[in-house]
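# Structural description and commentary
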Amino acid sequence: MALETWKTKPAEPETDELLCQAHGCPNRWAVDTGSRLCSDHAWAEPHKWPQITQAQFHKRKPLVNTEPTNPMTQAEKVATLNALRDMMKNRPDPKAWAHTLRDRENAGEELTRTQREAWRTALKRDV
Ligand SMILES: [Zn+2]
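These notes cover the structure that comes with them. (Residues numbered from 1 in each chain as written. Predicted model: local features only at pLDDT ≥ 70, side-chain atom pairs only at ≥ 80, totals over all residues.)

### As for the overall build of the protein
Our working definition: Where helices and strands are cited, they refer to DSSP runs of H or I of at least four residues and of E of at least two residues respectively, numbered from the N terminus. Any residue with 12 or fewer other C-beta atoms within 10 Å of its own C-beta is exposed, any with 20 or more is buried, and the rest are partly exposed; the C-beta atoms used are placed from the backbone. Residue pairs qualify as contacts under a 7 Å threshold applied to their C-beta atoms, which are placed from the backbone.
Looking only at helices and strands, the protein has six helices and two strands in total. Reading the protein from its N end, one meets helices and strands in the order α-β-β-α-α-α-α-α. Here the protein holds 127 residues, and 13% of them are scored as buried. Considering only contacts in the protein between residues 6 or more positions apart, those separated by 24 or more positions represent 30%.

Below is the structure:
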């Protein structure tokens, strides 16, 4: 009987332990029948699983709305890009702390071993 087959036949393992174990199913598992399945797969016979998996993809909404809800005008795009360019020009030096430590050591201050190693590692590519 098909129902008995369904009960004894293990589903294919998925690498992601949170996902339904029916091959390719995008849903998280919700029912543990010996195999962890989403509710749609759990209540269907295994020979119907491929169609059910396909239906899950059609049912899913995209995670990100790819349609712009409020498209920008050309002038707004140019203004945004100019603002980004200005931000990138004026951003603070992300390795300022390393330069400060190097200058302190060069001025004769005794740094900890960790401080000495940290600024050298951070400035290795710059030197
Ligand atoms: Zn599933």
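Now that the structure is up, let's keep going.
### Here's the deal with the environment of Thr100
With respect to the secondary-structure elements, Thr100 resides in helix 5 (residues 96-106). With 11 C-beta atoms counted inside 10 Å, the residue Thr100 sits in the exposed group. Considered as a pair, Thr100 and Trp119 are 19 residues apart in the sequence and their alpha carbons are 8.7 Å apart.

### Some points on helix 4 (residues 74-89)
Here is the rule: Here, expected helix span is obtained from the residue count minus one, scaled by 1.5 Å.
Its 16 residues give helix 4 an end-to-end C-alpha distance of 23 Å, which sits within 8% of 22 Å, the value for a rise of 1.5 Å per residue. Counting buried positions over the 16 residues of helix 4 gives zero, only a small fraction of the element.

### Examining the environment of Gln115
Take Gln115: it is sitting in helix 6 (residues 113-123). Owing to 17 C-beta atoms within 10 Å, Gln115 belongs among the partly exposed residues under this scheme. Separated by 10 residues in the primary sequence, Gln115 and Glu105 place their C-alpha atoms 9.5 Å from one another.

### So, the packing of helix 5 against helix 6
What counts is decided by this rule: Fitting a line to C-alpha atoms yields each axis, with helices limited to the stretch in contact; the angle taken between N-to-C directions then spans 0 to 180 degrees. Every angle not falling under 35 degrees, over 145, or within 65 to 115 is termed oblique; those three ranges are roughly parallel, roughly antiparallel and roughly perpendicular. Crossings are sorted by hand: turned counterclockwise from the far helix by less than a right angle, the near helix makes the crossing left-handed, and turned clockwise it makes it right-handed.
Closest axis-to-axis distance for the helix 5/helix 6 pair is 9 Å, and the angle between their directions is 125°. As judged from the angle between their axes, helix 5 and helix 6 are oblique. The chirality of how helix 5 crosses helix 6 is left-handed. Taken together, the residues of helix 6 that come into contact with helix 5 (itself represented by Ala98, Leu101, Arg102 and Glu105) are Gln115, Arg116, Ala118, Trp119, Ala122 and Leu123.

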